[in-house]
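Chain by chain, the residues run as shown.
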Amino acid sequence: MRSYIPNTQRERGEMLAAIGLPDMDALFADIPEGVRLNRPLELSRGMSEIEVRRAFASLAARSGVPHASFRGAGAYGHYIPAAVPQLAMRSEFYTAYTPYQAEMSQGMLQAIFEFQTLICQLTGLDAANASVYDGATAAAEAVNMLTAAKRKNKVLVSAGLHPDVRAVLKTYARFSKTELVEVPLNENGVADIPFIEQNAGDAAGLVAAQPNFFGCLEDTRTLADATHAFGGLFVNYVYPHALGVLARPGELGADIAVGDGQSLGLPLAYGGPYVGFMASTQKLMRNLPGRIAGETTDKDGNRAFVLTLQAREQHIRREKASSNICSNQMLCAVTASIYLSLMGPKGLAEAANQSMQKAHYLAEGMSRVRGIRLRYPATPFFNEFAVDCDRDSEFVSGALKERFIMGGLPLNRIVPGDSGMLWCATELNAREDIDAALSVLEEVFA
Amino acid sequence: MSRSSYPLIFERSRPGRTGCDLPPLDVPALEGLIPEGLVARVTLPLPEVAEVDVVRHYTNLSRRNFGVDNGFYPLGSCTMKYNPKLNEEVSALFDGLHPLADDDCAMGAIRLMAELERQLCAITGFDKFTLQPAAGAHGELTGLMLIRAYHDMRQDFNRNVMLVPDSAHGTNPASAVMAGFETRELVSAPDGGIDLEALRAACGPDTAGLMLTNPSTLGLFEKNIVEVAHIVHEAGGLLYYDGANLNAVMGVARPADMGFDVMHINLHKTFSTPHGGGGPGSGPVGVTAELIPYLPYPVVMMGGAGTASLDYDRPLSIGKVKGFYGNFAVMARAYAYILSLGAEGLREASQNAVLNANYVMNALRDVYDVPHERICMHECVLAPTKRMLDNGVHTTDIAKTLIDYGYHPPTIYFPLIVHEAIMIEPTESESRETLDGFIAAMREIARVALEEPGRLHASPATTPVGRPDEVQAARKPVVRFCE
């Protein structure tokens, strides 16, 4: 049993004596007898390091990582250069907290400022915050930005957003009394633009994904124009890697871009921690929630960084704050910054292009398997696509698993009643692995 | 360290450099996959730097930062305890696990969540937890949504007021508003606790609940907690426990036994997961049995024989508050910590956290103002004396001078109800000699504040930059690099 406490029993006794107390219990004299726990917690005895490792090894042994994976659906296995985790594990970063004391936190503040800049460069927008919890909560915060900026409580949201994003938006909206109107997907799997025109009414704006959950590429420019036509603001939920090959949301008329930065160097880690990013036009900068680092100088003129625009935040504004967010995902944001710096424009474009090409090679191969059909054959996609099959999706998935391949996601797991599958490829999928998956599919559907 | 600014990664950029390579494309390269209107028109303006450039850049940035591994970090209300290295290693065992992996492939991870939940229930006395919230404030929001859902289910639609003490964290009122409540502020009693008469007067048919941190942000245990709970419950409200200060009472008292109905825990405070420079955290929310139906889905269910499962069939659930299941790798670190300490170790941690705070307070009470002269819990709140203030020495000056002594300053100017507050939370991780060193520095600063106050305004002198001009930063915000 270790409690990581340096002081010995003797030292503790001396410290109690210095305070003038007889024993440890005297420290807790203010706690009424009736609420004291006068028995041990119902936990096992403390474990040594060796025993904790054993406990984890036994759990990890029951969590299998496949030889090859074709599963995305909101969490993507891209290559993480070796330098990324090593730098992110500098303990001056990870054992610090929010940089309240700027002079001794210049490293983290500059890293935040750089993250904000990188997100602006990636999205083509003017300002970004220091991160929020994940993509889904970034979208929820963006909805709050829309309703605050427009003073309207209705927002259009595309059915093409990830089911978890839609679920989180729905939860937040219920309690903030925001009316969400879902824009359906048309027969090509993209947001139904006439529906937007007919149902906008007095909406504050639209939230739509690029690419959408089914992998389809949306016509961002037209969505932005349709939103602006009713006087609304357009929020684009983007997959950062897609921006290696696609025009940026800011160039296509988005007022706000949000998304999940997981693909930027963060491990899958069973769903988190990931990092939500938010960028906006200059005009909406003061509506952004959460921490923002800004550049200034000290009295000698040295460039310095501080947390700024804090009059938006909960510790100053309390019930009038733009959001309640305090802790964010700073270390994950630094990780994403390191990743983007290493990849640079060419590396990100190459990873994006390879992901797209391999997904198309996979889709092409699958469409030749009798019994498998691309769901939206006429719609361009990035690195993910939905298929419908003549066999049960769980059966298909199970057959692949026997060969240590994690196939596309059986959609019924997160879209009740959907019998299709959602397949994904990235630069990590070697051609021989794709061919292996295709040959298993050939057997399954033979 | 001498004063210096440090180049931005963008200022290191040289056209053509890159820090990564990928294998050649091994499938046919198709053209025209992207519709004309969506094709990237410009090369992304990201920095172009070599691997060694990036490695040196971030290594040197990290040297301009200060974490718990560098030294004493008594940031009140943040519990900056030591982050065990073991936990970093074992949590990484799940790094490759996809969140939508088949449940049988993810069984170890699901079981880990179920076991962590069981540990948290034992420590707090609650019946069930959700692990989904990503941070303390996110947990607050989730917990308050549960309270709203509870009242709604009882057709009690007019309970719109959340009571919040004036000593509360700023997140409390902000979360209440996001959850659809109005807030009503409770003025604290002179001893720093809840004023029972004010509470009775504030409670009524519109009371949805009371948010309370116990021990409070003054570091004081709410002696009247049983009576407070009784008053709120009598009025039909629920009691919310802000778990930011749980490090004071592990194994000593449990929030559920005090009468609370809902709480959040900051795994990154009490359970030693690293704060990451501002996150990621994790803010699990615990509830009594009557609130279980409203928990976010999926709910983790413990199974037999080392199994566990995710239950999505929750018709009364408030829905999801975050993608997937929460900050899993943070949960894994907390689980490792609780396994390491066990029942006795957690109690010992709280005892020593409280001992250390009292040791510091006791050693400084003759030279600083102590607004509440009582035994404190895991943190103590001090303030400059009137003579210091008359000399023009403010809390900021004391904090900035501490930096030159090699310490991270305490939380300052919070809680708001103490003028010029200095909130010190040493945690159990610190040795007596570390505390003695800090005490000596604080005493020396107190002496200088009276004898040569001007000296304190020049600090810090040992950092890469001096005090930044925050007014300029806010007036003309520059929040990104532009060429």
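Every chain begins its residue count from 1, and numbering advances along the sequence as written. Labels are handed out in written order, letters beginning with A for the chains and numbers beginning with 1 for the ligands. Thresholds applied to this predicted model are a pLDDT of at least 70 for local features of residues and 80 or more for the giving and counting of side-chain atom pairs; totals over whole chains, interfaces and linings are not thresholded and use all residues. Water and hydrogen atoms play no part in the side-chain values, which are based on all heavy atoms of the structure.

1. Remarks on the layout of surface pockets
Now for step 1: Computed over the protein atoms alone on a 1 Å grid, cavities are sets of points where a 1.4 Å probe fits but cannot get out and pockets are open sets with protein on both sides within 12 Å along at least five of seven lines; a residue lines them when it has an atom within 4 Å of a point. Grid points are joined across faces, edges and corners, and a volume is the space filled by probe spheres set on the points. In this model, the largest pocket occupies a volume close to 1000 Å³.
Now for step 2: Lining the largest pocket are 44 residues, and of these Y100 and H315 of chain A together with T411, I412 and F414 of chain B sit closest to its centre.
Now for step 3: Secondary-structure elements contributing two or more residues to the lining of the largest pocket are strand 10 (303–307) and helix 10 (314–317) of chain A together with helix 4 (136–153), helix 11 (395–404) and strand 11 (411–412) of chain B.
Now for step 4: Residues were grouped as follows: Ala, Val, Leu, Ile, Met, Phe, Trp, Tyr, Cys and Pro as nonpolar; Asp, Glu, Lys and Arg as charged; and all remaining residues, including Gly, as polar. Within the lining of the largest pocket, the residues separate by chemical class into 20 nonpolar, 16 polar and 8 charged.
Now for step 5: Considered as a void within the structure, the second largest pocket measures approximately 640 Å³ in volume.
Now for step 6: Residue lining of the second largest pocket: 25 residues in total, with P163, R166, A167 and K170 of chain A together with Y297 of chain B positioned closest to the centre.
Now for step 7: Strands here mean DSSP runs of E at least two residues long; helices mean DSSP runs of H or I at least four residues long; both are numbered from the N terminus. Of all the elements in the fold, those that place two or more residues in the lining of the second largest pocket are helix 7 (163–176) and strand 4 (179–183) of chain A.
Now for step 8: Partitioning the lining of the second largest pocket into residue classes produces 14 nonpolar, 3 polar and 8 charged.

2. So, the sheet that holds strand 11 of chain B
Strand pairing in a sheet relies on backbone hydrogen bonds. The paired strands run either parallel or antiparallel.
Residues and elements named next belong to chain B.
Now for step 1: When DSSP finds two or more bridges between a pair of strands, those strands are recorded as paired. The strand order 10-12-11 describes an open sheet built from 3 strands, whose pairing is antiparallel. Two strands in the sheet have a free side with no partner beyond their single neighbour: strand 10 (380–382) and strand 11.
Now for step 2: When strand 11 meets strand 12 (residues 422–424), the two strands line up antiparallel, connected through 2 bridges. By the bridge assignment for strand 12, T411 is matched with M423.

3. Things to note about the domain arrangement of chain B
Now for step 1: Domain ranges listed in this record stem from an automatic or a database domain assignment. Along its sequence, chain B is organised into domain 1 (1–64), domain 2 (85–341) and domain 3 (352–475).
Now for step 2: Between domain 1 of chain B and domain 2 of chain B, the C-alpha centre-to-centre distance is 41 Å.

4. A few points about the sheet that holds strand 3 (residues 154–158) of chain A
All names here are of chain A.
Now for step 1: Strand order in this open sheet of 7 strands is 2-8-7-6-5-3-4, and the pairing throughout is mixed. Both edges of this open sheet fall to strand 2 (127–128) and strand 4, since each of them pairs with a single strand only.
Now for step 2: As paired strands, strand 3 and strand 4 are joined by 5 bridges and run parallel to one another. Each residue of the ladder has a partner; that of L156, found in strand 4, is V181.
Now for step 3: Here a residue-residue contact requires only that any non-hydrogen atoms of the pair lie within 4.5 Å. Axis lines are fitted through C-alpha atoms, for helices just across the contact stretch, and the angle between N-to-C directions can take any value from 0 to 180 degrees. Against the sheet, helix 6 (residues 135–150) contacts strand 3, strand 4, strand 5 (205–210), strand 6 (233–238), strand 7 (256–260) and strand 8 (276–280), and its axis sits at roughly 160° relative to strand 7.
Now for step 4: Helix 7 rests against strand 3, strand 4 and strand 6 of the sheet, and its axis sits at about 155° to strand 4.

5. So, the side chain of T335 of chain A
Residue and element names in this part refer to chain A.
Now for step 1: Residue position: T335 is located in helix 11 (residues 330–367).
Now for step 2: Residue T335 is classed as buried on the basis of its relative accessible area of 8%.
Now for step 3: In this view, T335 contacts V84, A88, L264, G265 and L266; residues no more than four positions away in its chain are not counted. Note on classification: 1.4 Å probe, protein chains only; a residue is buried when its accessible area is under 20% of the maximum for its type, exposed when over 50%, partly exposed between these limits.

6. Quick look at the domain arrangement of chain A
You'll often see interface size given as the accessible area lost when the parts meet.
Residues and elements named next belong to chain A.
Now for step 1: You can read the domains of chain A as domain 1 (49–78 + 344–444) and domain 2 (83–340).
Now for step 2: Computed over C-alpha atoms, the centres of domain 1 and domain 2 are 27 Å apart.
Now for step 3: Facing the 29 residues of domain 1 at the interface are 26 residues of domain 2.
Now for step 4: Accessible surface is computed with a 1.4 Å probe, and the buried area is the amount of it that two parts give up when combined, taken over both parts together. Summed over both partners, the interface of domain 1 with domain 2 buries about 2100 Å², with 70% contributed by carbon and sulfur atoms.
Now for step 5: Per-residue buried area on domain 1 facing domain 2 is highest for L348, Y376 and F382; these three make up 30% of the total on that side.
Now for step 6: Salt bridges are counted wherever a side-chain nitrogen of Lys or Arg sits within 4 Å of a carboxyl oxygen of Asp or Glu. At the junction of domain 1 with domain 2, the criterion picks out 0 salt bridges.

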